[in-house]
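One-letter residues, chain by chain:
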Number of protein chains: 4
Amino acid sequence: MQSPKQPIGRPRENRVDAAIRAAVRELVPRVGYAGLTMDAIAAEAGIGKAAIYRRHTSRGELVFSVLVHGRKTRSLPDTGTLAGDLTALADLILGIFTDPVTAAATPGLLADLQQQPDIAARFQERFVAEERALISALLERARQRGELAAAADPVLVHAAVLGTAYAWLFLLAQPPTPALASRIAALGEAAARGH
Amino acid sequence: MQSPKQPIGRPRENRVDAAIRAAVRELVPRVGYAGLTMDAIAAEAGIGKAAIYRRHTSRGELVFSVLVHGRKTRSLPDTGTLAGDLTALADLILGIFTDPVTAAATPGLLADLQQQPDIAARFQERFVAEERALISALLERARQRGELAAAADPVLVHAAVLGTAYAWLFLLAQPPTPALASRIAALGEAAARGH
Amino acid sequence: MQSPKQPIGRPRENRVDAAIRAAVRELVPRVGYAGLTMDAIAAEAGIGKAAIYRRHTSRGELVFSVLVHGRKTRSLPDTGTLAGDLTALADLILGIFTDPVTAAATPGLLADLQQQPDIAARFQERFVAEERALISALLERARQRGELAAAADPVLVHAAVLGTAYAWLFLLAQPPTPALASRIAALGEAAARGH
Amino acid sequence: MQSPKQPIGRPRENRVDAAIRAAVRELVPRVGYAGLTMDAIAAEAGIGKAAIYRRHTSRGELVFSVLVHGRKTRSLPDTGTLAGDLTALADLILGIFTDPVTAAATPGLLADLQQQPDIAARFQERFVAEERALISALLERARQRGELAAAADPVLVHAAVLGTAYAWLFLLAQPPTPALASRIAALGEAAARGH
DNA sequence: CGGTAATCGAGACGGTACGTCTAGTCTTAAA
DNA sequence: TTTAAGACTAGACGTACCGTCTCGATTACCG
């Protein structure tokens, strides 16, 4: 009987994973998602292409892993009010979208998701579901406080907050403003209240 | 002094433009934006690749032209209420996003916009500015009716309606529901009222 | 009933023929046979491509026509001796091969002949047969003078003189020397005498 | 100090070189030199185009390599007489020129040599110099036998034998005859004797 | 401690699309 | 009907990238 965590042969080097991650984060802002080639990543990281494909099945999966893996699991503080919680959420999302690496990679990554159902599924599981959980929690807190009468639809709140931020930055190409988070939060609140 | 419409040599054939457009609309839903190759377009259209490159500088510019050119200039009816006008707007946007061709091409097209400033500029001029004008007009109508007290920010309304629709369909991968347009319109109204 | 030499419509301009010829002779030494494109010829000549194709069926036929047409019909003087006649022949051939335009075009032209039987036939008729006639004539003169006993093979004499000159210049890449013509003539004489 | 035979990475496969060579030899007689495309070679060989360009810089270099590499290094027997040695040489050259592959490729290859000095240099080194050495050797043998009085010019002998064979087959388009080699050898002897 | 097995960097492999170029044909308005 | 200009189809060019494979060398565990 063999232990599940006892692979034979030479073990993988963490150094390689780190080098891949660093190379992607270095290259994406410089050459964009479309210009991000596997050869360039391997060269930048000083490793072989096979070492990448041993860890990732495709370029989309690679970039997704790098972007998601680098993020610490997020949590939102209980600010005591629905408006405050939603502003914190909007701040979190805007922070992700305005990070240079994420900003450069996101549109290209979303394009890949349309073609690769497996990565799309992972995106839903890792990214969407996690944010959804945060939203469901803050809505539940608001209901218990009495700020919300009936059950709000977390999907619509999610779409309102995430989508408005995305459209502002990537579709309308507007620069982020200091008041943006609270304005988006107000939309989220409207979505929660359903009026 | 030369007339602006006096080109010499053989004029370009409209047949070719039409064939390119038809081929793109045929291929995009079938193979996706990423799988849309210039060779395949030329073969499907029964034309030479040079005829494409004579008209379009890149694949992104080509798809953008096809998608935008095909659209008739849109207008919104005056429904008599802000809510009605915004629902018509949301219907319009959802109609664009759920069209099979647009749906398959949009994420990839937006990814290309990040890398090609000239196309991004045309996208802003042709697509964003046109929708913005519709929004500004309906907001002005609402103000004259007395539905809106002060001046609303058309950019935020735009981001709310466009972004929520985009996120619902492409980020959260939710199917469109019958009530979606009116729910999005409610968000747009909240953005207009600023609360 | 229509006269055979009475074409209707606008007559062809000799200017165009001259411009084509001049353009080819200008371009061939500069860009070589391989770099000689129809577009470049048309641009250099300041004419349309259709005007070229109205006169010539292909690029090979065009260059062949220009090179052969430009030559005046050649004749050889009766020097009084077989050696003298053959030296004059060798001089003639070396003159053709060392002309800058002919030198640059000849190898490429011969390559085309392998693929295009119609031009190969014209080459045999116009170029080979004409030289063959000169050789047959000078051999007949030598026979009548008594310099040659029996009938010599004009084909072998032709191959000896033409081939040695061609090989010297194009295969062995040797520079022409003052004595070359008389040395080649000696080989022609040996071919004529059959020893 | 590094060993000359220490390449890193995956070594090139001899199978690929062999497949390229076989494809060229298969295609050249069928489609001619002008019709020999890199795509067709790659398809016929069942390899990628990159594998060809990794080994050869141009089509001319490729065909030249294939034709020269396939040939075993040639040598001539000492037949005991100058006439015999030259007949063997003429036979050798006629054998090369009448080989289907060489016959189809030679004129096109020579045309390319005019434009590509590097290949022309290799042609001189590998092909011309090798034949020249054979000629110099047989002339020296004849001198030691007493068949030749003074020093003969090997270049003229070379031009006479090589050029007459080339002109007979490719310029005059004559079929080879049984007596051709000895007739060409007689011309070579005349070139050697200088009369 | 020697054998087994998976790793490493490097780069060749087949395949495919790119954007450019050329050949030869066709179409325009003007002459 | 010819002219200059230039668009047209077809297809080859040489480059670049993908994802896989192969090399010699390395690095762990196993017996």
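None of these values were measured; they are calculated from a predicted model. Here the residue numbering is sequential within each chain, running from 1 through the sequence in written order. Written order decides the labels, with chains lettered from A and ligands numbered from 1. Local features in this predicted model are restricted to residues of pLDDT 70 or higher, and side-chain atom pairs are both shown and tallied only at a pLDDT of 80 or more, whereas totals for entire chains, interfaces and linings draw on every residue. As a convention, hydrogens and water are excluded, and side-chain values are obtained from all of the structure's heavy atoms.

Turning our eyes to something else, we now look at the overall build of chain A. Each helix is a run of H or I in the DSSP string that is no shorter than four residues. Each strand is a run of E no shorter than two, and both are numbered from the N terminus. Counting secondary structure elements, chain A contains nine helices and zero strands. Of the regular secondary structure in chain A, the N- to C-terminal order runs α-α-α-α-α-α-α-α-α. Seen along its three principal axes, the alpha-carbon backbone of chain A occupies a region of about 60 × 50 × 30 Å. Categorising residues by exposure relies on relative accessible area from a 1.4 Å probe, with only protein chains included: less than 20% of the type maximum marks a residue as buried, more than 50% marks it as exposed, and the intermediate range marks it as partly exposed. Across the 195 residues in chain A, those meeting the buried criterion constitute 49%. Any pair of residues with heavy atoms lying within 4.5 Å of one another is described as a contacting pair. For chain A, restricting intrachain contacts to residue pairs at least 6 apart in sequence, the fraction spanning at least 24 positions comes to 68%. Only the protein chains shown count as cover for residues, with accessible areas throughout obtained via the Shrake-Rupley method and a probe of 1.4 Å. Element-wise, carbon and sulfur atoms account for 56% of the exposed surface of chain A, whose accessible area totals about 9,200 Å².

What follows deals with the domain arrangement of chain A. All names here are of chain A. Assigned domains of chain A: these are domain 1 (14-55) and domain 2 (74-193). Of the residues lining the interface, four residues belong to domain 1; the matching set on domain 2 comes to seven residues. By convention, the term buried area covers the 1.4 Å-probe accessible surface removed from two parts as they join, with the contributions of both added. Summing the contributions of domain 1 and of domain 2, the shared interface buries around 530 Å²; its carbon and sulfur component is 70%. Considering only the side of domain 1, the residues that lose the most area to domain 2 are Arg25, Val28 and Tyr33, jointly responsible for 84% of the buried surface there. For salt bridges, the criterion is a side-chain nitrogen of Lys or Arg within 4 Å of an Asp or Glu carboxyl oxygen. Inspection of the domain 1/domain 2 interface yields one salt bridge. Polar contacts, as used here, are pairs of N or O atoms within 3.5 Å; protein pairs need one atom able to donate a hydrogen and one able to accept it. Residues neighboring in sequence count only if both atoms are side-chain atoms. Our enumeration of links across domain 1 and domain 2 arrives at one residue pair in polar contact (both at pLDDT 80 or more). A per-class count over the side of domain 1 that touches domain 2 returns three nonpolar, no polar and one charged. Each domain span listed reflects an automatic or database assignment of domains. Three residue categories are used. Nonpolar comprises Ala, Val, Leu, Ile, Met, Phe, Trp, Tyr, Cys and Pro, charged comprises Asp, Glu, Lys and Arg, and polar comprises the others, including Gly.

In this section: the pattern of salt bridges. All names here are of chain A. In the structure shown here, the tally under the stated rule is 64 salt bridges over all chains. Put simply, Glu147 and Arg145 hold a salt bridge, and the shortest N to O gap is 2.9 Å. Judged by relative accessible area, which is 25%, Glu147 ranks as partly exposed. Salt bridges here are not isolated pairs; linked through shared partners, they connect Asp78, Asp85, Arg141, Arg145 and Glu147.

Around DNA strand F, the structure places 47 residues, and the nearest of them are B:Arg54, B:Arg55, C:Arg54, C:Arg55 and D:Tyr53. For each residue, the test is whether any non-hydrogen atom lies within 4 Å of the molecule or strand; if one does, the residue is near. Protein-adjacent atoms of DNA strand F, using a 4 Å cutoff, are sugar or phosphate at a proportion of 71%. A:Met38 has a polar backbone atom sitting 2.8 Å from a phosphate oxygen of DNA strand F. Between DNA strand F and the protein, one listed contact pairs a base nitrogen with a side-chain N or O atom of B:Arg10 at 3.1 Å. Elements that contribute at least two residues to the surface near DNA strand F include exactly α2 (38-45) and α3 (49-53) of chain A, α1 (14-31) and α3 (49-55) of chain B, α1 (14-31) and α3 (49-53) of chain C together with α2 (38-45) and α3 (49-53) of chain D. Considered class by class, the residues forming the surface near DNA strand F number 18 nonpolar, 10 polar and 19 charged.

Both copies of the chain are placed relative to one another by a rotation about an axis and a shift along it. Relative to chain A, chain B is turned by 179 degrees and slid 0.0 Å along the rotation axis, the superposed coordinates differing by an RMSD of 0.2 Å. Read as a symmetry element, the transformation amounts to a two-fold axis. Across chain B, the smallest distance between a C-alpha and the rotation axis is recorded for B:Gly163, namely 2.0 Å. Most of the interface of chain B is mirrored in chain A, where 100% of its interface residues again form contacts. Each copy is superposed on the other by least squares, with the fit set by C-alpha atoms of residues at a pLDDT of at least 70 in both.

What follows covers helix α8 (residues 154-171) of chain D. All names here are of chain D. Each helix should span, by expectation, one fewer than its residue count multiplied by 1.5 Å. Taking 1.5 Å per residue, 18 residues should reach 26 Å; α8 reaches 23 Å between its end C-alpha atoms and fits that length. Burial within α8 is extensive, with 17 of its 18 residues counted as buried. Looking one or two residues past α8, Ala173 carries a phi angle of roughly 55 degrees, positive in sign.

The next point concerns the environment of C:Ala105. Residues and elements named next belong to chain C. Among the structural elements, Ala105 can be located in helix α6 (residues 100-115). Owing to a relative accessible area of 0%, Ala105 belongs among the buried residues under this scheme. Once you skip the residues sitting within four places of it in the chain, Ala105 turns out to touch Val28, Tyr33, Val63 and Leu67.

In this complex, chain B contributes 37 residues to the contact, which on the side of chain A involves 37 residues. Note on chain B versus chain A: buried area summed over both sides is about 3,000 Å², and carbon and sulfur give 70% of it. It is B:Leu156, B:Leu171 and B:Leu172 that lose the most area in chain B upon contact with chain A, and together they represent 20% of the buried surface on that side. Here chain B is connected to chain A by two salt bridges. A salt bridge links B:Arg183 to A:Asp153, with the shortest nitrogen-to-oxygen separation between them at 2.9 Å. For the interface between chain B and chain A, the tally reads four residue pairs in polar contact (both at pLDDT 80 or more). Contributions of two or more residues to the side of chain B that touches chain A are made by α6 (100-115), α7 (117-145), α8 (154-171) and α9 (180-193) of chain B. Among the elements that line the side of chain B that touches chain A, the one with the most residues is α8(B), at 13 residues. Of the residues belonging to the side of chain B that touches chain A, the class tally is 24 nonpolar, 10 polar and three charged.

So, about the protein's contact with DNA strand E. Surrounding DNA strand E, one finds 44 residues, the nearest of these being A:Arg54, A:Arg55, B:Tyr53, D:Arg54 and D:Arg55. A:Arg12 places a side-chain nitrogen or oxygen 3.0 Å from a phosphate oxygen of DNA strand E. Residue D:Arg10 places a side-chain N or O atom 3.2 Å away from a base nitrogen belonging to DNA strand E. Residue assignment for the surface near DNA strand E shows that the elements contributing at least two residues are α1 (14-31) of chain A, α2 (38-45) and α3 of chain B, α3 of chain C together with α1 (14-31) of chain D. Per-element tally for the surface near DNA strand E: the top contributor is α3(C), with three residues.

This next bit is on the interface of chain C and chain D. Counting residues at the interface gives 37 residues for chain C, matched by 37 residues for chain D. For the chain C and chain D pair, buried surface summed over both sides reaches about 3,000 Å², with 69% attributable to carbon and sulfur atoms. Across the contact surface, chain C and chain D share two salt bridges. Taken together, the elements giving at least two residues each to the side of chain C that touches chain D come down to α6, α7 (117-145), α8 (154-171) and α9 (180-193) of chain C. For the side of chain C that touches chain D, the leading source of residues is α8(C), giving 13 residues. Considered class by class, the residues forming the side of chain C that touches chain D number 24 nonpolar, 10 polar and three charged.

Attention now goes to the arrangement of the chains. Over all C-alpha pairs, chain A and chain C never come within contact, reaching a minimum spacing of 34 Å. Separated throughout, chain B and chain D approach each other most closely at a C-alpha pair spaced 16 Å apart.

After a rotation of 179 degrees and a shift along the axis of 0.1 Å, chain C superposes on chain D with an RMSD of 0.3 Å. Comparing interface residues between copies, 100% of those in chain C also sit at the interface in chain D, which points to an isologous, same-surface contact.

Another point: unusual backbone geometry. One non-glycine residue with positive phi stands out, namely B:Ala173, at about 55 degrees. By secondary structure assignment, the location of B:Ala173 is in the loop between α8 and α9.

Moving on, we get to the packing of α1(B) against α2(B). Residue and element names in this part refer to chain B. Here the axes come from fitting lines to C-alpha atoms, over the contacting stretch only for helices, and the angles between their N-to-C directions go from 0 to 180 degrees. Taken N-terminus to C-terminus, the directions of α1 and α2 make an angle of 120 degrees; their axes are 8 Å apart at the nearest point. By the criterion of interaxial angle, the relationship of α1 to α2 is oblique. Handedness of the α1/α2 crossing: right-handed. Contacts between α1 and α2 involve Ala19, Ile20, Ala23, Val24, Glu26, Leu27 and Arg30 on the former and, on the latter, Ala40, Ile41, Glu44 and Ala45. Any angle from 65 to 115 degrees is called roughly perpendicular, while one under 35 is roughly parallel, one over 145 is roughly antiparallel, and all others are oblique. Should the near helix be turned counterclockwise from the far one by less than a right angle, the crossing is left-handed, whereas a clockwise turn marks it as right-handed.

Our focus in this paragraph is the packing of aromatic side chains. In summary, the pairing rule links any two rings of Phe, Tyr or Trp, Trp by its six-membered ring, whose centres are within 6.5 Å, and it sorts them by plane angle into stacked for under 30 degrees, edge-to-face for over 60 and tilted for everything else. By the definition in use, this model includes 22 aromatic pairs over all chains. Both rings, one in A:Tyr166 and one in A:Phe170, keep their centres 4.9 Å apart while their planes meet at 50 degrees; by these two values the pair is tilted. Of this pair, A:Tyr166 and A:Phe170 both sit in helix α8 (residues 154-171), four residues apart, which is roughly one turn of that helix. Taking the relative accessible area as the measure of exposure, A:Tyr166 reaches 2% and is therefore buried. On the basis of relative accessibility, which here comes to 11%, the residue A:Phe170 falls in the buried class. Seen from their ring centres, A:Tyr166 and B:Tyr166 are 5.2 Å apart, and the 5 degrees between their planes marks the pair as stacked. Taken together, the positions of A:Tyr166 in helix α8 and B:Tyr166 in helix α8 put the pair across two chains. For the pair A:Tyr166 and B:Tyr166, a shared accessibility class is recorded, and that class is buried. Every member of this aromatic cluster is reached through a ring pair, and the members are A:Phe97, A:Tyr166, A:Phe170, B:Phe97, B:Tyr166 and B:Phe170. Two conditions define a charge sitting above a ring: the NZ of Lys or the CZ of Arg must be within 6 Å of the ring centre, and it must be within 35 degrees of the ring normal. The cationic tip of A:Arg59 hangs over the ring face of A:Tyr33; the distance from NZ or CZ to the ring centre is 4.7 Å.

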